[in-house]
Amino acid sequence: MNNNCFQYSTQFQIPDSDLEFLDKISLTFNNKKYPIPAPTLCPQCRQRRRLAMRNKRVLYERQCDCGRITNDE
Ligand SMILES: [Zn+2]
């Protein structure tokens with residue numbers, strides 16, 4: 001299945017295996033199926049959105065649990 005990216009209108013492919021998977025994990029309540037929609041953004045835009053929602057990585061300086069003094073002290 002081909003689809004156009006909602007953001008940049010670039011064409012991208014959705015493999016049949018992905019569509020089958022979305023159909024497989026769709027929920028069914030009272031014999032009514034609620035299908036999970038196919039993605040509207042291309043993989044690059046989805047990755048960009050994921051990275052935008054991610055927290056910044058923060059590293060803290062602390063003493064090592066082993067009790068030894070490290071080289072940079
Ligand atoms: Zn896109």
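Remember, it's a predicted structure, so these values are computed and weren't measured experimentally.

1. Let's talk about the overall build of the protein
Stage number 1. Helices and strands together make up the secondary structure of the protein, namely 2 helices and 4 strands.
Stage number 2. Taken against the 2.2 N^0.38 rule, which gives 11 Å for 73 residues, the C-alpha radius of gyration of the protein at 22 Å runs more than 25% over that of a compact globule.
Stage number 3. Reported as C-alpha extents along the three principal axes, the dimensions of the protein are approximately 60 × 35 × 20 Å.
Stage number 4. Split into buried and exposed, the 73 residues of the protein put 1% on the buried side.

2. Some points on unusual backbone geometry
Stage number 1. At Ser9, a residue that is not glycine, the phi angle is positive and equals roughly 60°.
Stage number 2. Considering the arrangement of structural elements, one finds Ser9 in the loop between strand E1 (2-4) and strand E2 (11-13).
Stage number 3. Located in the positive-phi region is Asn31, a residue other than glycine, with phi close to 60°.
Stage number 4. One can find Asn31 in the loop between strand E3 (27-29) and strand E4 (32-34).

3. So, the confidence of the model for the protein
Stage number 1. In this model, the protein carries a mean pLDDT of 89, and residues with pLDDT of at least 70 account for 92%.
Stage number 2. Of all the helices and strands in the protein, E1 carries the lowest mean pLDDT, 88, while helix H1 (residues 16-25) carries the highest, 95.

4. A short note on the environment of Cys5
Stage number 1. Relative to the helices and strands, Cys5 resides in the loop between E1 and E2.
Stage number 2. Considering only alpha carbons, one finds Cys5 and Pro39, 34 residues apart in sequence, at a separation of 8.7 Å.
Stage number 3. Those residues in contact with Cys5 that lie beyond four places of it in its chain are Thr10, Phe12, Leu41, Cys42 and Cys45.

Conventions adopted
- For every chain, the first residue of the written sequence is number 1, and numbering continues from 1 along that sequence.
- Where local features are concerned, this predicted model is filtered to residues with pLDDT of at least 70; where side-chain atom pairs are given and counted, the filter is 80 or more; whole-chain, interface and lining totals use all residues.
- We count a stretch as a helix when DSSP gives it H or I for four or more residues in a row; a strand needs E for two or more, and each element gets its number in order from the N terminus.
- Radius of gyration: over C-alpha atoms. The globule rule applied is 2.2 Å multiplied by the number of residues raised to the 0.38 power.
- Exposed residues have 12 or fewer other C-beta atoms within 10 Å of their own C-beta, buried residues have 20 or more, and partly exposed residues fall in between, where C-beta atoms are placed from the backbone.
- pLDDT runs from 0 to 100 and stands for how confident the predictor is about each residue.
- C-beta atoms are placed from the backbone for every residue, and two residues are taken to be in contact when these atoms lie within 7 Å.

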